[in-house]
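Breakdown of the fold
This is what each chain is made of:
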Amino acid sequence: MKCKGFLFDLDGTLVDSLPAVERAWSNWGKRHGIDATEILNFIHGKQAITSLRHFMAGASEDEIQKEFLALEKIEAEDTDGIVALPGAQQLLATLNELAIPWAIVTSGSVPVASARRAATGLPEPEVFVTAERVLRGKPEPDAYLLGAQLLELEPEECVVVEDAGAGILSGLAAGSHVIAVNPPANAPRLEDVDMVLASLEELIINKNADGTVDVYRKH
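These numbers come from a predicted model, not from an experiment.

About the thresholds
Residues numbered from 1 in each chain as written. Predicted model: local features only at pLDDT ≥ 70, side-chain atom pairs only at ≥ 80, totals over all residues. Heavy atoms only, no water. Phe/Tyr/Trp six-rings, centres within 6.5 Å; stacked < 30°, edge-to-face > 60°. Helix = DSSP H or I, 4+ residues; strand = E, 2+ residues; numbered from the N terminus. Buried < 20%, exposed > 50% of the residue type's maximum accessible area, 1.4 Å probe, protein only. Contact = heavy atoms within 4.5 Å. Pairing = 2+ DSSP bridges.

1. Here we look at the packing of aromatic side chains
A full pass over the atoms with the stated rule returns four aromatic pairs. Ring geometry for Phe8 versus Trp102: centroids 6.2 Å apart, planes at 75°, classification edge-to-face. Taken together, the positions of Phe8 in strand 2 (residues 5–8) and Trp102 in strand 5 (residues 102–105) put the pair 94 residues apart, joining distant regions of the chain. No difference in accessibility class separates Phe8 from Trp102, as the two residues are buried. Members of the aromatic cluster, each reached through a chain of ring pairs, are Phe6, Phe8 and Trp102.

See the structure below:
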């Protein structure tokens, strides 16, 4: 496929934060008498506040916000075991070397997303779209539409790189190309994405003289 820029999800796409996510949410579930499996099957790719509203249906917004701030603090401070996923470091370095625009577009908040990126040593993007910057989180298209706008590109000129079902739906709704990296087997609309990869290591990037980028998959 051809594109002009990349929009990357963070957790599960560029960084492996699963141990920290599971610790934080499993402990939260214990305190509220909610099975950890039920929580972990719901939360991936979604904003934390969306998940809290789902599991705290009937609670006041003040209660939900209080829980959010406490959970955010825990997730921002616990970076134990968080590492860059295979191919992420090299891919972002290649994009920077070739001056290809890219952004991180995450459902995480500024404190959590910033801490996880920093823990892995991945380069800091010029455009970092976090939960605070959109009214509607993934699977709505708002975050990826904003990412494209901030890169000064049209959504269809961008490749969204995602692992979670909510993010895949968000990228498709934005009208972008979508690459799914190690998605769950039951992820929605996998038949509509441009590529399904096991790892970012499979991607080959080539920049053309006209500024467009060819994106290939290793065979």
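2. Examining the side chain of Arg117
With respect to the secondary-structure elements, Arg117 resides in helix 6 (residues 110–120). We classify Arg117 as buried; its relative accessible area is 14%. Filtering out sequence-adjacent residues up to four positions away, Arg117 remains in contact with Leu122, Pro123, Glu124, Pro125 and Phe128.

3. A look at the sheet that holds strand 11 (residues 213–217)
On the basis of which strands lie adjacent, the open sheet formed by three strands has the order 1-11-10 and antiparallel pairing. Whereas interior strands pair on both sides, the edge strands pair on one side only; in this sheet they are strand 1 (2–3) and strand 10 (203–207). Sheet topology places strand 1 next to strand 11; two bridges connect them, and they run antiparallel. Residue pairing across strands places Cys3 opposite Val213, the latter belonging to strand 11.

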